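Residue-level structure breakdown
Spelled out, the chains give:
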Amino acid sequence: MKGTNGADIEGLTLPVDEDFDPNIQLDNLGPKTVPASSIDVKLWAQTICSQLVLYLGHWPLWTGCQLSSTVCEQHDSIPSLGTELGPPVLTAPHIQVMRLSDSTLASFIELPALDLPQGGTTPGLVTSDRQVRVLLRDITGKSCWDASALYYDPSVTSAEVIEPLPLPKVVETPRDNTLSSLPPPLPPDLLPDYRNSPPDKHQLDHVLAYIGHTSPEVTCGRRLDEAGPSPLPPGLEDELVCALVAHRNAERHYLQNRDSEEDVESVDISSISGSSENVFAASSQLVSQLGTLAPARRAHAHLLKRTDRLLRELRNLDAQRCRETHKVAVIYVGKGQETRNEILSNRCGSAAYEAFLAALAWEVELESHVGFAGGLRGGGGGGTSAPYLATLTLEALFHVATRMPADTPDAILNKTRHLGNDEVHVVWSEHWRPYKRDTLPTQFCDVLIVLYPLPGGLLRCTVSRKPDVAVFGPLWEECIVRVSCCAALVRGAAFAGGRSVRATMPLYQHACSERARDLDALVATHTHATPFEHFVTRIRAPLHTHQQETDQSSGRLANALLDHGASGWSSSEPHTVSPRPVKRLGPFKRPLQPTSAPHTAPPTVPAPAPRRNR
């Protein structure tokens, strides 16, 4: 139809329904610009996978509804770091905060063993006296894991005296084959082959030099064996040169003094494990065993900037609910009760009503409850206990009117406030008249579910909702259900009604969507992008001092050249450092020329002049 009013068509009977509009224009049937569903499928799939990994086989906790969000980085720390996540955590040497992926934050805390085992089930194995606590923050919430090393200590389990193995007197491996001990390069006019090849077995430079000498037309004005531009910045290249030279000097020093008796020292097991020197040794070992240092994980694992802003955002993230939360009011109406004060003064209900409450949710004590409290406080106007339910995706607390005190008018007023702020009301009415919606005056109560007991173990249900709330289930208007299954049906209808009410809010977001947004913002703001060497150093020692600026690297290179250099440097050596770094060492001064006898140590490199601020 086009251009015709549907009500003017002869012989067309239209239903009387305010939700049905017969006058649909043709342009309204076209493709919509706004998607019909605003659900992020990828986000929900990620949430479900994380829940399966973290909670499968661990929920529900039959020993009590404990939440891991109550555990924090500073708990059980020695010395104590306070009750809240504060600045002492930033200076703690046994805590490291990092991210393992784009949506997972991890805190590694090394603690003394809280529960020392009296005896192991496996003979010969010993548990470490330190344990590692891993806190994971992701889209599904916060989880806590404790890990301890299990190792074999022959000094404890065996009575035999352990004798250290003697070091070999002759080194079989060619350890002298270093940069400084290689033979000089071949003449450029000599073709390298197997007869004149040097022992380093690297023939590419020799072949390129020969081609460039014999065929200069292919060189384009440059040497083929010349090193290309370095992919590293000048400062990082200088640091790499420092490390290589220091390693070479340390190797020379070891080779020259390996037979001396002064270097032979007794080896202590505790010094090897690092437990007495490094307070983060067990944690760094766990991080390495988890594969975080592997090249495949390098793009995902990063350190976080240890700032006060990071702690503040972590506290805000921990305060967020990682699951959907619901508050549902449950009201009991006895026979002949008409007014609000009569209904709210009930201390208990009938046996059928109490059985309905027992099947509705778990009964928890508000004083020791650590989950979603729904605005109730233990020992206050909310009573001492309340029905509570938790699953992988939601938490719900029921504000039961008969569980709250009603001794004074103030207590009744407080009870009215708790019940009136709930979006869904469930009323168990044993009155012979229908329950009036304005019995408890409130601007909320968007969904009202009333249960009327019938003979024969049946219940008559009425479901009323505000006009802007969408239709939901599994209960509907004037349905008859059995008492044995009414608790599950009412619970599902209350949660579905709460979701329908929240769908009318323009800026409402699900808990996982809000948490994912905050996680993305935290990762983008506080990720500390560092090179691999600095990352490994910080994993071993979280409070490692930051590297100095690149303009001070010349002093470090001079120290590396002088370190162990006096014992292994000779003027007759044909090679020093590789040719390419020498060309790029711009900030360094030239060494002083010898004036008399040959030096037995490398020439002294003067320190760079100190900079002055302009």
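Residues numbered from 1 in each chain as written. Predicted model: local features only at pLDDT ≥ 70, side-chain atom pairs only at ≥ 80, totals over all residues. Heavy atoms only, no water.

Moving on: the pattern of salt bridges. Pairs may arise between side chains of opposite charge once their charged atoms sit close together. Taken as a whole, this structure holds 19 salt bridges when the rule is applied. For Arg433, the salt bridge is made with Glu338, and the minimal N-O distance between the two is 3.4 Å. Of this pair, Arg433 sits in the loop between β10 (424–429) and β11 (447–454) while Glu338 sits in the loop between β6 (324–333) and α8 (340–344), placing them 95 residues apart in sequence. Its relative accessible area of 47% is what places Arg433 among the partly exposed residues. (Salt bridge = Lys/Arg side-chain N within 4 Å of Asp/Glu carboxyl O. Helix = DSSP H or I, 4+ residues; strand = E, 2+ residues; numbered from the N terminus. Buried < 20%, exposed > 50% of the residue type's maximum accessible area, 1.4 Å probe, protein only.)

So, on to the confidence of the model for the protein. Where the model shows low pLDDT, its predicted coordinates should not be examined in detail. On average, residues of the protein score 75 in pLDDT, and 69% of them reach the 70 mark or higher. Predicted confidence for residues 261–276 stays below pLDDT 50, and this span has 9 contacts to residues more than four positions away or in other chains. Within the model, pLDDT remains below 50 along residues 564–605, and this stretch shows 60 contacts once partners closer than five positions in the same chain are excluded. (pLDDT = per-residue confidence, 0-100. Contact = heavy atoms within 4.5 Å.)

The next thing to look at is the side chain of Arg515. You can see Arg515 is positioned in helix α12 (residues 511–526). Among buried charged residues, Arg515 stands out as having no salt bridge; its nearest opposite-charge side chain is Asp318, 5.0 Å away. Among residues more than four places away in sequence, those in contact with Arg515 are Arg137, Asp138, Ile139, Gly141, Lys142, Leu317, Gln320 and Cys322. (Lys, Arg positive; Asp, Glu negative; His and termini not counted.)

Read across the sheet, 8 strands follow the order β7-β8-β9-β6-β10-β11-β12-β13 without closing on themselves; strand pairing throughout is mixed. The sheet is open, and its two edges are formed by β7 (362–365) and β13 (479–482), each paired on a single side. Along the sheet, successive strands turn relative to each other by an average axial angle of 30 degrees, direction set aside. Where β6 lies against β10, 6 bridges are found, and the strand directions are parallel. (Pairing = 2+ DSSP bridges. Axes fitted to C-alpha atoms, helices over the stretch in contact; angles between N-to-C directions.)

What follows covers the side chain of Ser101. Residue placement: Ser101 occurs in strand β1 (residues 95–101). Reaching out from Ser101, the side chain makes a polar contact with the side chain of Thr104 at a distance of 3.2 Å. Excluding its chain neighbours within four sequence positions, the residues that come into contact with Ser101 are Arg297 and His300. (Polar contact = N/O pair within 3.5 Å; in protein donor to acceptor, adjacent residues only side chain to side chain.)

So, on to the environment of Asp438. Counting through the fold element by element, Asp438 comes out in the loop between β10 and β11. Given the relative accessible area of 59%, Asp438 is considered exposed. Sequence spacing of Asp438 and Arg340 is 98 residues, and the spatial spacing of their C-alpha atoms is 9.4 Å.

With that settled, consider the packing of helix α1 (residues 41–55) against α12. Relative orientation of the contacting elements α1 and α12 amounts to 95 degrees, with a least axis distance of 11 Å. Of the possible angle classes, the one that applies to α1 and α12 is roughly perpendicular. For the pair α1 and α12, contact is made by Leu43, Trp44 and Thr47 and by Cys512, Ser513 and Ala516, respectively. (Parallel < 35°, antiparallel > 145°, perpendicular 65-115°, else oblique.)

To continue, consider the packing of helix α9 (residues 351–360) against helix α11 (residues 486–503). In contact at an axis separation of 9 Å, α9 and α11 are set at 60 degrees when each is read in the N-to-C sense. Taken together, the axis directions place α9 and α11 in an arrangement best described as oblique. As for how α9 packs across α11, the hand of that crossing is right-handed. Residues Phe356, Ala359 and Leu360 of α9 touch α11, and the partners they reach there are Cys486, Ala487, Val490 and Arg491. For the contact of α9 with α11, the class distribution of residues is 6 nonpolar, no polar and 1 charged. (Left-handed = near helix turned anticlockwise from the far one by under 90°. Nonpolar A, V, L, I, M, F, W, Y, C, P; charged D, E, K, R; others polar.)

Attention now moves to the nonpolar core. By size, the foremost hydrophobic cluster in this structure holds 35 residues, and its most contacted members are Phe356, Phe398, Ile449, Leu451 and Leu475. Going through the elements one at a time, β6, α9, β9 (394–400), β10, β11, β12 (458–465), β13 and α11 are the ones with two or more residues in this core. Excluding residues within four positions of it along the chain, Leu451 makes contact with Phe356, Val426, Val427, Trp428, Ser429, Arg460, Cys461 and Val490. Ranked by size, the runner-up nonpolar core spans 25 residues in total, among them Ile331, Ala406, Leu419 and Leu440. (Core = buried A, V, L, I, M, F, W, Y, C linked by side-chain atoms within 4.5 Å.)

If you check which residues of helix α13 (residues 532–540) are buried, you get His534, Phe535, Arg538 and Ile539. Relative to the axis of α13, the buried residues are bounded by an arc of 140 degrees and lie together on one face. Pointing more than 90 degrees away from the buried face of α13 are the exposed residues Glu533 and Arg540. Contacts made by the buried residues of α13 are with β1, α6 (281–289), β5 (302–304) and β14 (527–528). (Arc of directions from axis to C-beta.)

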